[in-house]
Amino acid sequence: MPRVLILGGTAEAAALADALSDREGWQVVTSLAGATRSPAPVSGELRRGGFGGSDGLSTYLADDGIDALVDATHPFAAQISVHAVTAATAVGIPLVRVQRPEWRPEDGDRWADVPDAAAAAAALPRGSRVFLATGRRDLPPFASVDAFFLVRLIDPPAEPLPLADHALTLGRGPFVLDQELELLRHHRIGWLVSKNSGGRGAFPKILAARSLGVHVVMIRRPELPAAPTVVDVSGAMAQLQAKLA
Ligand SMILES: NC(=O)c1ccc[n+]([C@@H]2O[C@H](COP(=O)([O-])OP(=O)(O)OC[C@H]3O[C@@H](n4cnc5c(N)ncnc54)[C@H](OP(=O)(O)O)[C@@H]3O)[C@@H](O)[C@H]2O)c1
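Values in this document were obtained by computation on a predicted structure and should not be read as measured data.

1. Some remarks on the environment of Leu181
- If you trace the backbone, Leu181 turns up in helix H5 (residues 177–186).
- Overall, the relative accessible area of 11% leaves Leu181 in the buried class.
- Those residues within four positions of Leu181 in sequence are excluded, and the remaining contacts are Ala208, Ser211 and Leu212.

2. A closer look at unusual backbone geometry
- Here the amide bond leading from Gly173 into Pro174 is cis, since omega sits at 0°, within 30 degrees of zero.
- Here Arg188, not a glycine, exhibits a phi torsion of approximately 50°, which is positive.
- Using a relative accessible area of 59% as the deciding quantity, one classes Arg188 as exposed.

3. Some words on the pairing of strand S2 (residues 27–32)
- With 5 of its 6 residues buried, S2 lies for the most part within the structure.
- Sheet analysis places strand S1 (residues 3–7) next to S2, joined by 5 bridges and oriented parallel. Bridging from a neighbouring strand, Leu5 pairs with Val29 of S2.
- The parallel pair S1 and S2 is bridged by helix H1 (residues 11–21), and the resulting crossover is right-handed.

4. As for the side chain of Arg221
- Within the element layout of this structure, Arg221 appears in the loop between strand S11 (215–219) and strand S12 (229–230).
- Salt bridges are absent for the buried Arg221, whose nearest opposite-charge side chain, Glu102, sits at 4.1 Å.
- Of note is the side chain of Arg221, whose polar atom sits 2.9 Å from the backbone oxygen of Ser197.
- With residues up to four places along the chain from it excluded, the contact list for Arg221 reads Pro75, Phe76, Gln99, Arg100, Pro101, Glu102, Asn196, Ser197 and Gly198.

5. Here's the deal with the site of the ligand
- For the ligand, the set of nearby residues contains 22 residues, the closest of which are Gly8, Ser31, Phe51, Arg137 and Lys195.
- Here Gly8 contributes a backbone N or O atom positioned 2.8 Å from an oxygen atom of the ligand.
- Within the backbone of Gly53, a nitrogen or oxygen atom sits 3.0 Å from an oxygen atom of the ligand.
- Bound to the protein, the ligand loses 78% of the 800 Å² it would expose on its own.
- When contributions to the shell around the ligand are tallied by element, the ones reaching two or more residues are S2 and helix H3 (78–91).
- Looking at the shell around the ligand, the element that brings in the most residues is H3, giving 4 residues.
- Tallied by class, residues from the shell around the ligand come to 8 nonpolar, 11 polar and 3 charged.

Conventions we followed
Residues numbered from 1 in each chain as written. Predicted model: local features only at pLDDT ≥ 70, side-chain atom pairs only at ≥ 80, totals over all residues. Heavy atoms only, no water. Helix = DSSP H or I, 4+ residues; strand = E, 2+ residues; numbered from the N terminus. Buried < 20%, exposed > 50% of the residue type's maximum accessible area, 1.4 Å probe, protein only. Contact = heavy atoms within 4.5 Å. Pairing = 2+ DSSP bridges. Right-handed = clockwise from strand over helix to strand, strands pointing away. Lys, Arg positive; Asp, Glu negative; His and termini not counted. Salt bridge = Lys/Arg side-chain N within 4 Å of Asp/Glu carboxyl O. Polar contact = N/O pair within 3.5 Å; in protein donor to acceptor, adjacent residues only side chain to side chain. Near = heavy atom within 4 Å. Areas by Shrake-Rupley, 256 points an atom, 1.4 Å probe, with all protein chains shown as cover. Nonpolar A, V, L, I, M, F, W, Y, C, P; charged D, E, K, R; others polar.

As structure tokens, this is what we get:
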């Protein structure tokens, strides 16, 4: 009976857990980092928290009898993706990475492509009104920027945000275009800072920026070590079937 560990935290990971759980005779375990207080429910078994580096992940894979590892983490979760490659190689089991295609600018979009949050902060003009949709961990570089920030987080922050002039909105994707348009209009947003996460759930903010002529500062994805990669759940199912059947 094949037993698959999905490194999760994305919509694709949850959809893959659904699909594998429906498959007769397959066992699926989803692993979450534990950063979100109330994660959405997933099918199959769930574990939470880090493994203790690539050695810890290798030990888990061997001890739990995992036959294949799926890295369906967010494109910006680079550390766990590096550990996945190291651990799957060490234990000698197949690895499949699920990675959504990047978003691409269209004619007329006002996009600046930057390597990281510090470069995104440096790209913002003084006095601008910015929708900062990068997540809590990437806020510090923006502390020294003289601008208004609308910050969207999943959970209420435990500590005050490191930003002087800001408003906070809470929400978890998938988001809806009409609401994104309303948010940008209401806060008179002229700039959007986003990671190039790809996928549909967070895409409406990009569409809203496009529609309103808002400048976009797009943070590039980190480089990852090579691994067999598919772009969606059906690709992952096909790979697992081919490797484990
Ligand atoms: N970064 C983002 O923008 C973003 C956005 C949406 C969702 N997420 C999700 O949030 C999680 C954490 O993201 P991150 O950027 O902090 O990751 P990261 O920097 O790549 O990982 C940091 C550490 O967190 C632990 N970890 C990460 N993902 C894990 C998982 N699925 N299961 C068990 N442990 C995990 C690992 O700890 P050990 O070394 O102790 O094993 C890892 O070394 C990921 O699972 C990702 O899919 C991230």
